[in-house]
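# Descriptive analysis of the structure
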Amino acid sequence: MSKLEELINTLCPNGVEYKSISDLLKLKSLLTVTPSIKVKRNDYYDIGKTPIISQEIEYISGYCDFEDKKIPFGNYICFGDHSEHIKYIDFAFVQGADGLRIIKCNNDLLCLKFIYYAVSNNYVKHNNYERHFKYFVDTIIPIPPIVVQREIVRILDNFTELTAELTAELTARKKQYEYYRNKLLTFKELAE
């Protein structure tokens, strides 16, 4: 029996409770963050002191040289209200333009990264142009005890790291294959 199975059998013998993000916001277990600064796209830098997080697909959209005191170093879930991209952020940042909804945890009974993984797994994209936060907050997720949440995060983080390593290895092998394919199938020297 795995550690996770053991924890679930011990701490959740009757199953786990499910709640919507809306429920967690109403209970103030999660809070929305209203930034004091929103950086316009024209003001993004390629390098700078503070990362800019927007609803775009890029994890970090750019940089700026100022800070937002309302978004200090911490853990956040960022949701693109139009794009429906969900990001987990674990550093201080500044919001880029409009359309980003920022959520943070307000108690020790929730692991925000677990919430991120659960929402990412359960949120159903609508793939149209409208505000989607209303659908995001309707997403229902399991809320096991915090010890179980942390173990699930540990396991998923390990798989994420392994996936990144395999992707890097696969990319390197693809470049190596292309190099040798081009070298072996180029007969310029023989033609001269």
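Above this note sits the structure.
## Some points on the sheet that holds strand 5 (residues 62-64)
One open sheet accounts for four strands, arranged 3-8-4-5; its pairing is mixed. Here the strands that pair on one side only, and so sit at the sheet edges, are strand 3 (38-39) and strand 5. The pairing of strand 4 (residues 50-53) with strand 5 spans three bridges and is classified as antiparallel. Counted as the bridge partner of P51 is Y63 from strand 5.

## So, the side chain of S20
Relative to the helices and strands, S20 is located in strand 1 (residues 17-20). Residue classification places S20 among the buried positions, given a relative accessible area of 10%. There is a polar contact of 3.0 Å between the side chain of S20 and the backbone nitrogen of D23. Not counting residues within four places of it along the chain, the set of residues in contact with S20 comprises V137, D138, T139 and I140.

## Some remarks on the sheet that holds strand 9 (residues 100-105)
Strand-to-strand pairing in sheets goes through backbone hydrogen bonds, with the strands running parallel or antiparallel. Read from one edge to the other, the open sheet built from four strands follows the order 2-9-6-7, with strand pairing classed as antiparallel. Only two strands of the sheet have a single partner each, and these edge strands are strand 2 (30-33) and strand 7 (86-89). Strand-to-strand, the axes of this sheet are offset by a mean angle of 30°, without reference to chain direction. Relative to strand 9, strand 2 is paired through four bridges, and the arrangement is antiparallel. For L31, the partnering residue across the bridge sits in strand 9 and is K104. Seen against the sheet, helix 3 (residues 112-122) touches strand 2, strand 6 (76-80), strand 7 and strand 9 and runs at an angle of roughly 165° to strand 7.

## Some words on unusual backbone geometry
The phi angle at K28 is positive, at roughly 65°, despite the residue not being glycine. Along the chain, the position of K28 falls in the loop between helix 2 (21-26) and strand 2. Taking relative accessible area as the criterion, K28 reaches 53% and is therefore assigned exposed. In this structure, E84 takes a positive phi of about 70° despite not being glycine. By secondary structure assignment, the location of E84 is in the loop between strand 6 and strand 7.

## A word on the packing of aromatic side chains
According to the stated counting rule, one finds 10 aromatic pairs in the structure shown. On the basis of an interplanar angle of 50° and a centroid distance of 6.2 Å, the ring pair of F79 and F133 is categorised as tilted. Here the residue F79 occupies a position in strand 6, and F133 occupies one in helix 4 (residues 133-136), the gap between them amounting to 54 residues. A single burial state applies to F79 and to F133, both of which are buried. Each member of the aromatic cluster is reached from another via a ring pair, and the members are F79, Y123, F133 and F136.

## A closer look at the pattern of salt bridges
Summed over the entire model, instances satisfying the criterion amount to 11 salt bridges. Of the charged contacts, one joins D98 and K38 as a salt bridge, the two residues approaching to 3.2 Å between their closest N and O atoms. With D98 in the loop between strand 8 (94-96) and strand 9 and K38 in strand 3, this pair connects stretches of sequence that are 60 residues apart. For R173, the salt bridge is made with E169, and the minimal N-O distance between the two is 2.9 Å. Residue R173 and its partner E169 are located together in helix 5 (residues 146-184), separated by four residues, close to a single helical turn. Through salt bridges with shared partners, a single network forms among K3, E151 and R154.

Conventions we followed
- Residues numbered from 1 in each chain as written.
- Predicted model: local features only at pLDDT ≥ 70, side-chain atom pairs only at ≥ 80, totals over all residues.
- Heavy atoms only, no water.
- Pairing = 2+ DSSP bridges.
- Helix = DSSP H or I, 4+ residues; strand = E, 2+ residues; numbered from the N terminus.
- Buried < 20%, exposed > 50% of the residue type's maximum accessible area, 1.4 Å probe, protein only.
- Polar contact = N/O pair within 3.5 Å; in protein donor to acceptor, adjacent residues only side chain to side chain.
- Contact = heavy atoms within 4.5 Å.
- Axes fitted to C-alpha atoms, helices over the stretch in contact; angles between N-to-C directions.
- Phe/Tyr/Trp six-rings, centres within 6.5 Å; stacked < 30°, edge-to-face > 60°.
- Salt bridge = Lys/Arg side-chain N within 4 Å of Asp/Glu carboxyl O.

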